[in-house]
Amino acid sequence: MDKHKDMPPERRAEPDAIERLLRETEAVRSEIREAAASVDWDALSGLIADRAMAADRERRRAGAAPRRAAWLAALRMRPVLAGLAAGLVLGAAVMYFVLRAPGGGAGRDEGYHASGEFLDRAELEMARRNAVDYLEKSQYMLREVFESPDEGPAAPAALRSERARSLLQKKRYLNSQLERFQMAKAKAICDQIEMLFRELAQIDDDLPAAELGRIRDYIEERQLLLKINLVKKELQSGV
Amino acid sequence: MRTIAWTICFALVVGLGAAAARDNPQAATADSLFREAKLLVFDKDWRAALDKIDELTDRFPSSPLAGQALFYKGECLSGLGGREREALRAYKSYIQLEDAKPSLVEESEGAIVDLAFGLFEEGSGSVLPEIMSRLDHPNKVVRYYAAYKLSLVSDKKAAAKAAPVLSRIVETEKDAELLDRARIALLRVSPESLKSAEDRKPRTVTTARVLRIRVREGGKKEPAFSLNIPFALADLALGALDEGDKAALRKKGYDIGKIMSELTKSKGGLLRIAGNDGSIIEIWID
């Protein structure tokens, strides 16, 4: 059966369908067994045959003589009729159970599902990627604002403020993840940068030279750009 | 006449000078206290920063900086730990200020949600409305964050209430990061809502397609690992596979890039990779 996996997709459809059918049949088999167990098969065939005979007797009363040959034939066919009726009952039971649970397994297969453990791992992976992204964007921003002291900041104050706000929003989502997954080093550096962005987000006008100088000193004293690079490399190596 | 004019000028100069002398030291002092407090907040020296803020508000209660300091007071109280309810009050007072800065208001709203989340998880049920009420907030930044955070609460019934806002993010948001967060949050609280939201989106290469992964251990019929998620999360999902499975894939010469490329090219084909220990990883999209 496994051989069909190596077939080209267009030829695999039929074996796939058969395999799926067998799997689904397997799923309902236990319920059928339970239903079948509740039937007294020895008595059932006799009962069905008796009822068939009773119906025949009625018809015979209406015209006994001409139907004698048919009556004798029915008598000879009694075991066959019983078997046929039992088959019908069994078929109906199978249909009932199949229709009663349309895709208990198939429903799960059609919808989305993922374990909590997997979702935690996915969030950890997301935290790692987003932290790298946040640090990269922060680097651009800090360089742009602070690395051209003589020329003044390249971006207009309003744009700078908007970018800072957007980074603050990203950081808030990151906080939950960095705390949950105990990414302490990344959290510490992200927190320090966050304070700077909070300041930048509030300043709608161009930064006065003195203010700019103060913030630049802060970044240099704490070697923020170097720390960002180191943490970023660490996070990237987890790829 | 000239004497009178000189007298008036002198009085004005002296008066203005006196006023300046009275105002400037106060302004300078309030300003310097505020700056010092912020610098201490930068360095997470919460206790010292809180002392400066208290000094500022005690000595200069009518200074506009006393109002602004409320936000930083909230930061200090949150940072100190054990004083979350006071922090919550500080942030709530800050957002009521007429001259509150929009960026700090947004920050305060987020901080309120975070604090309420922490308190709720510690057993304070009374703070849940702080998160719930923000699901209808006019600012989508606040609304989205409240929904995301609510999806993480351990009370599953409460967490499920985040589903409508999260579904809306999936349907309307363009930002890839926000979309992925909303998808994962929905997979956690209401996978069926995620399916409906994805189905309502216009069908493109990446939407309304399901990535399926099954990992079967050697000789076993039932998969040890089973996953059905939107194809849009495929890259993330493959990156989040168990380390053992990732190692098995690497041994067979597969990395995430190669798998993604083969899946995209095969359009419905099954990628079946057998590990050396008899395990089988099946990955397909439909």
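To keep things clear, this report deals only with the structure shown in the data block. Note that the structure is predicted; figures quoted are calculated from it, not measured.

Focus on the overall build of chain B
When you go through chain B residue by residue, the secondary structure sums to 14 helices and 4 strands. Burial analysis of chain B (286 residues in total) assigns 35% to the buried set.

Observations concerning the interface of chain A and chain B
If you look at the interface, chain A gives 25 residues, while chain B gives 33 residues. Every element with two or more residues in the side of chain A that touches chain B is listed here: helix H6 (116-146), helix H7 (157-180) and helix H8 (184-202) of chain A. Here the residues of the side of chain A that touches chain B are counted per class, giving 12 nonpolar, 6 polar and 7 charged.

Examining the nonpolar core
One finds Ala131 of chain A together with Ala37, Leu166, Leu186 and Ala237 of chain B to be the most contacted residues of the largest nonpolar core, which totals 103 residues. The greatest single-element share of this core, amounting to 10 residues, is contributed by H6 of chain A.

As for helix H3 (residues 64-80) of chain B
All names here are of chain B. Here H3 is 17 residues long and its end C-alpha atoms lie 25 Å apart, about the 24 Å a rise of 1.5 Å per residue gives. The sharpest bend along H3 comes to roughly 30°, located at Leu70. Three or more residues of H3 are buried, namely Gln68, Ala69, Leu70, Phe71, Tyr72, Lys73, Gly74, Glu75, Cys76, Leu77 and Ser78. Looking one or two residues past H3, Gly81 carries a phi angle of roughly 80°, positive in sign.

Here we look at the environment of Leu128 of chain B
All names here are of chain B. By secondary structure assignment, the location of Leu128 is in helix H6 (residues 128-132). A count of 18 C-beta atoms within 10 Å places Leu128 in the partly exposed class. Along the sequence, Leu128 and Ala116 sit 12 residues apart, while their C-alpha atoms lie 6.5 Å from each other. Other than its neighbours up to four places away in sequence, Leu128 contacts Phe120 and Ala158.

Section: the environment of Ser133 of chain B
Along the chain, Ser133 of chain B turns up in the loop between H6 and helix H7 (140-150). Residues Ser133 of chain B and Ala146 of chain B, spaced 13 residues apart in sequence, show a C-alpha to C-alpha distance of 8.7 Å.

Some words on the packing of H7 of chain A against H8 of chain A
All names here are of chain A. Running from amino to carboxyl end, H7 crosses H8 at an angle of 150°, the nearest separation of the two axes being 9 Å. Judged by the angle between their axes, H7 and H8 are roughly antiparallel. Of the two possible hands of crossing, H7 and H8 adopt the one that is left-handed. Taken together, the residues of H8 that come into contact with H7 (itself represented by Arg160, Ser161, Ala164, Arg165, Leu167, Leu168, Lys171, Leu174, Leu178 and Glu179) are Ala186, Lys187, Cys190, Glu194, Phe197, Arg198, Leu200 and Ala201. The residue makeup of the contact of H7 with H8, split by class, is 10 nonpolar, 1 polar and 7 charged.

What counts, and where the lines are drawn
Residues numbered from 1 in each chain as written. Chains lettered and ligands numbered in written order. Predicted model: local features only at pLDDT ≥ 70, side-chain atom pairs only at ≥ 80, totals over all residues. Helix = DSSP H or I, 4+ residues; strand = E, 2+ residues; numbered from the N terminus. Buried ≥ 20, exposed ≤ 12 C-beta atoms within 10 Å, placed from the backbone. Contact = placed C-beta atoms within 7 Å. Nonpolar A, V, L, I, M, F, W, Y, C, P; charged D, E, K, R; others polar. Core = buried A, V, L, I, M, F, W, Y, C linked by C-beta atoms within 7 Å. Expected span 1.5 Å × (residues − 1). Bend = angle between axes of the 7 residues up to and from the residue. Axes fitted to C-alpha atoms, helices over the stretch in contact; angles between N-to-C directions. Parallel < 35°, antiparallel > 145°, perpendicular 65-115°, else oblique. Left-handed = near helix turned anticlockwise from the far one by under 90°.

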